Amino acid sequence: MSHPLQPNVLTRPKIVVGLGSCGIAAGGKKVHEALVKEVSKRKLDVDIDETGCIGMCFREVLVEIRDPKRGSFIYGDVTPDRLPRILDEHLLAGRVIPEWLARSDELPGSEDAFFAKQKRIVLRHCGVNNPESLAEYQARGGYAALAKVLQEMTPEQVIETITQSGLRGRGGAGFPTGIKWKFARQSRDEIKYVVCNGDEGDPGAFMDRSVLEGDPHNILEGMLIAGYAIGARFGYIYCRAEYPLAVKRLKLAIEVARRNGFLGERILDSAFSFEIKVKEGAGAFVCGEETALIASIEGQRGMPRLRPPFPTTAGLWAHPTSINNVETFGNVPWIILNGADKFAEMGVGKSRGTKVFALAGKIVRGGLIEVPMGITLREIIYEVGGGIQGGKAFKAVQMGGPSGGCIPAALIDTPVDYESVTQTGAIMGSGGMVVMDETTCMVDVARFFLNFTQKESCGKCTFCRLGTKRMLEILTRITEGSGRPEDIPMLEELSEKIKKGSLCGLGQTAPNPVLTTLKYFRHEYEAHINDKKCPAHRCKKLLTYRISADKCTGCTVCAKNCPVHCISGERKQVHVIDQAACIRCGECLRRCNFAAVLAD
Amino acid sequence: MATDTPQSTRPVEFDAKPVQAILLKFKGEKGILIPVLQETQDAYGYLPAAALEAIAASTGVPLAQIYGVATFYAQFRLRPVGKHIVRVCCGTACHVAGAERITDAMAQTLDVAPGDTTGDGLFTMETVACLGCCSLAPVMMIDEETFGRLDEKAVRKIVKEYRTES
């Protein structure tokens with residue numbers, strides 16, 4: 001990891017606790033509290049600080065010791081009970097505790113492979129800076145890019161630099177950012193807007209949340225540069241209301257930036273003035289679509305409208321508006337400071353720079369990663385992610401959430417760039433990457449996403465509103481064992497029509513999870529429909545439960561809890577399930593204390 | 001919740017002061033309907049019909065349109081909620097980690113369907129699309145606290161703890 005630790009600026013050790021949402025969820029606040037207590041008990045001469053997401057979610061709670069001489073040491077799985085030993089051995093006796101060490105500058109740590117292939121641009125300060133400190137942001141080059149554009153560059157030069165860098169929209173669609181800014185600049189209007197799309201709605205994605213929580217000033221700076229480039233005075237950050245910590249840190253960063261002259265009138269003594277407001281979303285996935293997002297900021301139901309006119313011509317309150325994703329803005333200050341060429345050096349083809357992914361699912365090292373474009377899925381899953389949990393077989397990786405698809409094991413050497421991923425039938429998407437193993441049923445996954453899009457369809461277009469509902473019904477009956485052979489062609493036909501008949505990305509991409517699973521895992525659909533079997537043993541209603549004569553102790557727990565009383569047997573005798581009466585609820589399997597109930 | 005209907009019987013003790021203060025705060029701004037509804041919900045715990053009427057009267061936005069917005073977004077509730085709000089995550093990572101079992105266990109333990117409030121008014125149970133703590137899957141939140149790596153037993157134990165506290 002290019003971790004700008006700058007231990008030389010420290011005069012005494014600093015202990016930093018990772019307090020992003022996942023750190024807090026894993027108990028980070030309790031560790032922080034205990035740390036304060038233990039440090040004062042020992043009268044240690046150290047600073048205590050906090051930071052955002054370090055990325056190693058799988059090792060939360062993370063505590064980093066930054067030593068002025070020896071550099072950084074990150075301990076994983078820290079609990080309040082483990083703190084005394086860390087303080088006594090590491091800080092007082094100077095002895096590193098290798099078995100708890102995740103990563104360090106000095107010794108090999110257990111998670112070095114997690115960082116080896118990463119390249120951190122957007123996440124360069126996440127897990128390093130205190131996100132609530134402007135001074136730390138500035139100490140690492142913060143707002144220098146803004147100063148550079150205001151003092152040395154014309155808006156056209158800024159747009160040219162961004163275009164040259166090859167930066168494309170990181171929300172998923174991949175539209176070239178420089179071109180979007182150019183369109184917005186060319187639109188003639190007194191009032192223009194910059195909007196930051198932080199309505200991260202894909203289930204299984206938390207990139208934007210981590211960036212907003214971990215480095216809010218970086219996003220403000222990116223928006224300021226965009227404002228200067230297109231000639232806007234106002235910016236909105238549309239942030240999910242489900243991210244209270246991100247909202248809090250953004251509001252604080254805006255206030256601090258304003259007090260220090262980075263926001264407001266005549267910024268850094270230039271002629272450029274800019275204001276940013278946070279708008280909290282209210283829970284509607286469709287608002288990630290830009291025209292729906294605009295409607296939502298305007299206080300209406302978040303329903304998309306026909307494009308053109310594109311928002312760069314007529315957006316928020318009919319004024320030209322450039323809407324970019326959080327991660328896109330996160331790249332901008334780095335590109336300005338380091339140059340377009342440096343950015344374009346990374347990546348392949350038309351996909352330059354890096355991409356942030358939220359790696360989750362059945363993976364050993366799940367967390368937040370940033371990798372150069374063009375890296376293969378195999379490298380991400382097996383090297384960065386450490387492979388599949390429990391040594392199970394890798395089956396597929398889901399990219400792009402409800403708009404994306406499942407890429408099968410056979411295509412694991414696909415390079416991660418916009419074009420190659422699209423070729424598989426999935427999409428790059430905003431960065432959700434959910435890894436699935438042999439125990440995941442692909443029909444069930446398709447049903448899961450359709451259930452989501454069907455609920456989130458805004459209802460404007462008939463094909464999306466009703467088509468997704470019909471598809472969900474078909475998928476549900478397949479997973480429940482009532483699938484019919486004609487269901488597969490019906491799903492394909494509906495998919496095609498929904499794609500064609502929907503106005504916005506939600507409907508146009510909603511069939512993707514079904515189409516990709518049909519393409520790569522058709523045999524699983526056929527097994528469900530023809531053999532009434534779920535190959536992954538996942539679909540409850542397709543399982544047959546039986547009791548192993550070797551393992552059953554005759555404890556009668558299953559029989560007592562069976563809701564339809566279809567299990568018979570005397571106490572201390574092997575029990576038997578009456579298959580004809582069994583409703584396949586699985587209660588016996590859950591209740592059995594001897595693993596004697598088998599399902600297949 | 002989108003399927004809610006506004007309370008037909010207005011609580012007699014409806015206090016209009018909070019909503020009036022919120023309306024005053026946003027007076028004259030553009031695009032305020034959603035933030036006004038958000039703050040109103042924060043103040044009352046839900047969106048009482050009388051508060052929606054007050055918002056309509058003050059902003060000039062037709063009540064039907066306000067109702068349309070309030071039912072469009074998942075965040076808004078037209079019915080009072082329990083003391084604790086339970087949110088079981090049904091995101092992709094949680095789904096593949098068995099979120100369905102957690103949802104079932106919670107519904108069974110509380111004896112309510114997702115979206116409903118327990119008879120004693122202690123818990124409202126909801127399912128949500130993603131809490132963003134995917135590496136701790138399956139996950140749920142009770143109020144502001146997150147619980148990760150759950151199984152059925154943990155669910156029953158956590159609920160018991162909340163019940164004992166109350």
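Residues numbered from 1 in each chain as written. Chains lettered and ligands numbered in written order. Predicted model: local features only at pLDDT ≥ 70, side-chain atom pairs only at ≥ 80, totals over all residues.

What follows deals with the overall build of chain B. A tally of helices and strands in chain B yields seven helices and four strands. Counting from the amino terminus, helix and strand elements in chain B follow one another as α-α-α-α-β-α-α-β-β-β-α. Once the C-alpha set of chain B is aligned to its principal axes, its extents read approximately 50 × 30 × 25 Å. Counting only residues that meet the buried cut, chain B has 37% of its 166 residues in that class. In chain B, once contacts between residues fewer than 6 apart in sequence are set aside, the share between residues at least 24 apart is 63%. (Helix = DSSP H or I, 4+ residues; strand = E, 2+ residues; numbered from the N terminus. Buried ≥ 20, exposed ≤ 12 C-beta atoms within 10 Å, placed from the backbone. Contact = placed C-beta atoms within 7 Å.)

Secondary structure assignment for chain A yields 23 helices and 20 strands. The globule rule puts the C-alpha radius of gyration for 600 residues at 25 Å, and the 26 Å found for chain A is close to it. Principal axes of the C-alpha set define a box for chain A whose edges measure 85 × 65 × 40 Å. A total of 600 residues make up chain A; the buried ones form 55% of that total. (Rg over C-alpha atoms; globule rule 2.2 N^0.38 Å.)

Moving on, we get to helix 7 (residues 155–165) of chain A. Considered for burial, the residues of helix 7 of chain A that qualify are Val158, Ile159, Thr161, Ile162 and Ser165 of chain A. Take helix 7 of chain A and look down its axis: the buried residues cluster within an arc of 160 degrees, on one side only. (Arc of directions from axis to C-beta.)

Residue and element names in this part refer to chain A. Close contact between helix 6 (residues 144–152) and helix 10 (residues 216–230) brings their axes to 9 Å; oriented N to C, the two are set at 10 degrees. Taken as axis vectors, helix 6 and helix 10 run roughly parallel relative to one another. Across the interface between the two elements, Ala145, Leu146, Val149 and Leu150 of helix 6 pack against Glu221, Leu224, Ile225 and Tyr228 of helix 10. (Axes fitted to C-alpha atoms, helices over the stretch in contact; angles between N-to-C directions. Parallel < 35°, antiparallel > 145°, perpendicular 65-115°, else oblique.)

A few words now on the domain arrangement of chain A. Residue and element names in this part refer to chain A. Under the domain assignment used here, chain A contains domain 1 (7–110), domain 2 (134–343), domain 3 (348–437), domain 4 (442–530) and domain 5 (543–599). Computed over C-alpha atoms only, the centres of domain 2 and domain 4 are separated by 34 Å. In this assembly, nine residues from domain 2 lie in contact with eight residues from domain 4. Across the side of domain 2 that touches domain 4, the residue classes break down as seven nonpolar, one polar and one charged. (Domains from an automatic or database assignment. Nonpolar A, V, L, I, M, F, W, Y, C, P; charged D, E, K, R; others polar.)

All names here are of chain A. Considering the arrangement of structural elements, one finds glutamate 383 in helix 15 (residues 377–384). For glutamate 383 and lysine 119, which are 264 residues apart along the polypeptide, the C-alpha to C-alpha distance reads 14 Å. The contacts of glutamate 383, once residues within four sequence positions are left out, are Ala113 and Lys117.

The relative placement of two packed helices comes down to the angle between their axes together with the axis-to-axis distance. Residues and elements named next belong to chain A. Closest axis-to-axis distance for the helix 17 (residues 442–456)/helix 21 (residues 512–530) pair is 8 Å, and the angle between their directions is 135 degrees. Considering their axes alone, helix 17 and helix 21 lie oblique with respect to each other. Handedness of the helix 17/helix 21 crossing: left-handed. From helix 17, Met442, Val443, Val445, Ala446, Phe449 and Leu450 reach across to helix 21, where they touch Pro513, Val514, Thr517, Phe521, Glu524, Tyr525 and His528. Taken together, the residues that form the contact of helix 17 with helix 21 break down as ten nonpolar, two polar and one charged. (Left-handed = near helix turned anticlockwise from the far one by under 90°.)

Each domain of chain B was delimited in the assignment, giving domain 1 (17–72) and domain 2 (84–165). When each unit is reduced to the centre of its C-alpha atoms, the spacing between domain 1 of chain B and domain 2 of chain B is 30 Å.

Turning to the interface of chain B and chain A, a few remarks are in order. At the junction of the two partners, chain B supplies 28 residues and chain A supplies 37 residues. At the level of elements, helix 2 (33–44), helix 4 (63–72) and helix 5 (92–96) of chain B are the ones that each hand at least two residues to the side of chain B that touches chain A. Broken down by element, the residue count for the side of chain B that touches chain A peaks at four residues, all from helix 5 of chain B. Looking at side-chain class alone, the side of chain B that touches chain A contains 15 nonpolar, eleven polar and two charged residues.

The next point concerns the sheet that holds strand 6 (residues 193–198) of chain A. Residues and elements named next belong to chain A. The four strands lie next to each other as 8-7-6-9, forming an open sheet whose pairing is parallel. In the strand order of this sheet, the two ends are held by strand 8 (275–280) and strand 9 (321–325), each with one partner. Mean inter-strand twist for the sheet, computed between neighbouring axes without regard to direction, equals 20 degrees. When strand 7 (residues 234–239) meets strand 8, the two strands line up parallel, connected through six bridges. (Pairing = 2+ DSSP bridges.)

With respect to the helices and strands, serine 351 of chain A occurs in strand 11 (residues 351–352). Beyond its immediate sequence surroundings of up to four residues, serine 351 of chain A is in contact with Arg168, Met373, Gly374, Asp417 and Tyr418 of chain A.

Time to look at the nonpolar core. Counting residues in each nonpolar core, the largest one holds 215 residues, and the members touching the most others are Ile225, Ala358 and Val397 of chain A together with Val139 of chain B. By residue number, the principal contributor to this core is helix 10 of chain A, which donates nine residues. Sequence-distant contacts of valine 397 of chain A, defined by excluding residues within four places in its chain, comprise Leu377, Ile381, Ile407, Met433, Val434, Val435 and Met436 of chain A. Ala559, Cys562, Cys592 and Val597 of chain A belong to the second largest nonpolar core, which has eleven residues in total. (Core = buried A, V, L, I, M, F, W, Y, C linked by C-beta atoms within 7 Å.)

All right, on to the sheet that holds strand 5 (residues 101–104) of chain A then. Residue and element names in this part refer to chain A. If you walk across this open sheet you meet the five strands as 2-1-3-4-5, and the pairing is mixed. The open sheet terminates on both sides in strands that have one partner only, identified here as strand 2 (47–51) and strand 5. Going across the sheet, the axis of each strand differs from the next one's by a mean of 20 degrees, ignoring polarity. Contacts from helix 2 (residues 28–41) reach strand 1 (14–18), strand 2 and strand 3 (63–67) within the one sheet, and its direction differs from that of strand 1 by about 160 degrees.

Within chain A, residue pLDDT values average 94, and 98% of them lie at 70 or more. Here residues 1–8 of chain A scores under 50 on pLDDT; set against residues more than four positions off or in separate chains, the count is 15 contacts. (pLDDT = per-residue confidence, 0-100.)

So, about unusual backbone geometry. Of all residues except glycine, most have a negative phi; of all peptide bonds, most are trans. In this structure, valine 61 of chain A follows glutamate 60 of chain A across a cis peptide bond, with omega equal to 5 degrees. Take valine 61 of chain A: it is sitting in the loop between strand 2 and strand 3. Residue proline 308 of chain A follows arginine 307 of chain A across a cis peptide bond; omega there is -5 degrees. Here proline 308 of chain A lies in the loop between helix 12 (290–297) and strand 9. Look at aspartate 111 of chain B: it is not a glycine, yet its phi comes out positive at around 60 degrees.

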